[in-house]
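Now for the letters of each chain:
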Amino acid sequence: QVQLVESGGGLMQPGGSLRLSCAASGRIFDIVTMGWYRQIPGKERDMVATITRRGNINYGDSVKGRFTISRDNAESTVYLQMNSLKLEDTAVYYCNVVSGFTVESTRYYWGQGTQVTVSS
């Protein structure tokens, strides 16, 4: 069974940087999408960044130009480099992986989340 574990969250001042990592405890085959989502209290969980199987990347409008998503060669870890952090980036960040090329084989994996707090 695959489990996702996030790390790298914490407290940072505005303008600072953090790098989040999401490690899979088990090997994931046929990855469709890897990504990061975040949830602010009172708000719905929003997409931050995703990277598709072929490497296409999408970012949420609020993080474009500041955040960078990447993955290792083995696709066992996905990263989120967060630069120029703003107060509005404060949220719980969740790692997500979607795998499977058929309806029957599609699986959705979520990490438990890691808190990112940006405060002066």
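Quick caveat: nothing in here was measured; it's all calculated off a predicted structure. (Residues numbered from 1 in each chain as written. Predicted model: local features only at pLDDT ≥ 70, side-chain atom pairs only at ≥ 80, totals over all residues. Heavy atoms only, no water.)

*Asks:* I'm lost on unusual backbone geometry in this one. Help?
*Replies:* Residues other than glycine predominantly adopt negative phi, and peptide bonds predominantly adopt the trans conformation. With a phi close to 55°, Asp 30 is a non-glycine residue in the positive phi region. Summarising the element assignment, Asp 30 is placed in the loop between strand E3 (18-24) and strand E4 (31-39). In the Ramachandran plot, Ser 84 falls in the positive-phi region, its phi being about 50° despite a non-glycine side chain. With respect to the element layout, Ser 84 can be found in the loop between strand E8 (77-82) and strand E9 (91-99). A relative accessible area of 40% means that Ser 84 is categorised as partly exposed. (Helix = DSSP H or I, 4+ residues; strand = E, 2+ residues; numbered from the N terminus. Buried < 20%, exposed > 50% of the residue type's maximum accessible area, 1.4 Å probe, protein only.)

*Asks:* Mind showing me how you'd approach the state of the cysteines here?
*Replies:* A covalent bond bridging the sulfur atoms of two cysteines is what the word disulfide describes. Considering all chains together, one arrives at one disulfide under this definition. The residue that forms a disulfide with Cys 22 is Cys 95, at a sulfur-sulfur distance of 2.1 Å. Since a negative S-S torsion denotes a left-handed disulfide, the Cys 22-Cys 95 link at about -85° is left-handed. Taken together, the positions of Cys 22 in strand E3 and Cys 95 in strand E9 put the pair 73 residues apart, joining distant regions of the chain. (Disulfide = S-S within 2.5 Å.)

*Asks:* Whenever I open this one, the side chain of Glu 6 confuses me. Can you help?
*Replies:* Considering the arrangement of structural elements, one finds Glu 6 in strand E1 (residues 4-7). Buried charge without a salt bridge: Glu 6, with Arg 45 as the nearest opposite-charge side chain at an N-O distance of 7.6 Å. Engagement of the side chain of Glu 6 in a polar contact is seen with the backbone nitrogen of Cys 95, the distance being 2.9 Å. Of note is the side chain of Glu 6, whose polar atom sits 3.0 Å from the backbone nitrogen of Gly 113. Here Glu 6 is in contact with Ser 21, Cys 22, Trp 36, Tyr 93, Tyr 94, Cys 95, Gly 111, Gln 112, Gly 113 and Thr 114, once residues within four sequence places are set aside. (Lys, Arg positive; Asp, Glu negative; His and termini not counted. Salt bridge = Lys/Arg side-chain N within 4 Å of Asp/Glu carboxyl O. Polar contact = N/O pair within 3.5 Å; in protein donor to acceptor, adjacent residues only side chain to side chain. Contact = heavy atoms within 4.5 Å.)

*Asks:* When you look at the pattern of salt bridges in this model, what are you seeing that I'm missing?
*Replies:* Pairing between side chains becomes possible if they bear opposite charge and their charged atoms approach one another. The final tally for this structure, using the stated rule, is three salt bridges. We note a salt bridge from Arg 38 to Asp 89, for which the minimum N-O separation is 3.0 Å. Taken together, the positions of Arg 38 in strand E4 and Asp 89 in the loop between E8 and E9 put the pair 51 residues apart, joining distant regions of the chain. Close ionic contact of Asp 89 with Arg 66 constitutes a salt bridge, the shortest N to O distance being 2.7 Å. Here Arg 66 lies in the loop between strand E6 (57-59) and strand E7 (67-71) and Asp 89 lies in the loop between E8 and E9, a separation of 23 residues in the sequence. The residues Asp 89 and Arg 66 share a single accessibility class, namely buried.

*Asks:* Hey, could you run me through the pairing of E7 in this one?
*Replies:* In summary, the side chains of a regular strand alternate between the two faces of the sheet. Alignment of E7 against E8, held across five bridges, turns out to be antiparallel. Residue pairing across strands places Thr 68 opposite Gln 81, the latter belonging to E8. Linking E7 back to E8 in an antiparallel pair, the connection comprises five residues, with Glu 75 at a positive phi of about 60°. (Pairing = 2+ DSSP bridges.)

*Asks:* Explanation requested: the environment of Gly 55 in the structure shown.
*Replies:* Checked against the element boundaries, Gly 55 lands in the loop between strand E5 (46-52) and E6. Considering only alpha carbons, one finds Gly 55 and Met 34, 21 residues apart in sequence, at a separation of 9.8 Å.

*Asks:* Help me out: how do you make sense of the nonpolar core in this one?
*Replies:* Side chains of nonpolar character tend, in soluble globular proteins, to be buried together. Formed by 27 residues in total, the largest nonpolar core has its most connected members in Leu 4, Trp 36, Leu 80 and Tyr 93. For this core, the elements supplying multiple residues, two or more each, are E3, E4, E5, E7, E8, E9 and strand E11 (114-118). (Core = buried A, V, L, I, M, F, W, Y, C linked by side-chain atoms within 4.5 Å.)

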